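# Tertiary structure, described
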Amino acid sequence: MTITATLVGDIPAIGRAEARALAATENQRVLQLLCSLSEDDWAKPTDCPAWDVRALTGHVLGAMEGFSSLGQFVHIMRAASKSAGDGPFVDGMTAVQVRERAGLDRAELLERLRVAGPKASRWRSRVPAPFRRVSIKEHVNGVEETWRMGYLLDVILTRDTWMHRVDIAQATGRELVITAEHDGRIVADAVAEWARRHGRSFILELTGNAGGAFVAGRGGEELTFDAVELCRILSGRNSGAGLLATQVPF
């Protein structure tokens, strides 16, 4: 494979200002997709086995509302701790998000998403530095690791919404709006993290509007994938071998 590629080490980290812009765009795009669904679409199963489109939307809304004010944040952290018990904290948090919004009808979900999306992107960008340095524990690839709150606020919450937008489009057969400027940036950041996690050489060509070419080291595996499909593999939605067995949190 002979391509002009970006060195993964040259992909810049997502800073706070860019994180706010990406979150605002992603929150608007998932709302637009949900507004396009028919009544029947809301009961369709998704790649998240426990959730149909309706329940998945409750999680997406919960993630926005839970990170849109200090009061909301404190509530979701306390409720999630009780719900998780001895299990993973993130499982407790998502369970609370879905459960607390189970009684909302479609119109209420969409209206609250309209309000929460802009509030969440603003609040996350304004969290003070000491709070951003707070450590939290999560599990990736079956291994417990420590994250900074800033990583959750700037990267993971937007990746999560992005991947669930993919889930909803896959479940309903709706068009997935993908652009190089927005989706390509999210994909490139995920590729850079994937490269750091496995630490091996590769040449990667990603196709589609969010695609690009990336290289790490010399030689190594030569891989070609659709950009969205690669992220579905790295998120664990599809299985991958070799370097693709290294998952990235979404």
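In this report, we go over the structure that sits alongside the text. Predicted, not measured: the structure shown is a model, and the values here were computed from it.

### Considering the state of the cysteines
Tallying each qualifying case throughout the model produces zero disulfides. Free cysteine: C48, not disulfide-bonded; nearest cysteine sulfur from C231 at 15 Å.

### Quick notes on the side chain of R101
With respect to the helices and strands, the residue R101 is situated in the loop between α4 (89-100) and α5 (106-126). Among the polar contacts listed, one links the side chain of R101 to the backbone oxygen of Q97, at a separation of 3.1 Å. When residues no more than four places from it in sequence are discounted, the contact partners of R101 are R54, G58, L61, G62, E65, V96 and R112.

### Notes on the side chain of T94
Relative to the assigned elements, T94 resides in helix α4. Sequence-distant contacts of T94, that is, excluding residues within four places in its chain, are made with W51 and H59.

### Some details on the environment of D40
As for its placement among the helices and strands, D40 is situated in the loop between α1 (16-35) and α2 (53-66). The exposure class assigned to D40 is exposed, which follows from its relative accessible area of 63%. On a C-alpha basis, the gap between D40 and T172 in space is 9.2 Å, while along the polypeptide they are 132 residues apart.

Thresholds, definitions, all that
Position numbers for residues count from 1 along each chain, tracking the sequence in the order it is written. Per-residue local features are limited, in this predicted model, to residues with pLDDT of at least 70; the limit for side-chain atom pairs, both in listing and counting, is 80 or more; totals at the level of whole chains, interfaces and linings are taken over all residues. With hydrogens and water excluded, all non-hydrogen atoms of the structure serve as input to the side-chain values. We call a pair of cysteine sulfur atoms a disulfide when they lie within 2.5 Å. Put simply, DSSP marks the helices as runs of H or I at least four residues long and the strands as runs of E at least two long, and each gets a number from the N terminus on. Any pair of nitrogen or oxygen atoms within 3.5 Å is treated as a polar contact; in protein, a donor-acceptor pairing is required on top of that, and neighbouring residues in sequence qualify only through side-chain atoms on both sides. Should any heavy atoms of two residues lie within 4.5 Å, those residues are counted as being in contact. Only protein chains enter the accessibility calculation, which uses a 1.4 Å probe; a residue whose area is less than 20% of its type maximum is buried, one above 50% is exposed, and one in between is partly exposed.

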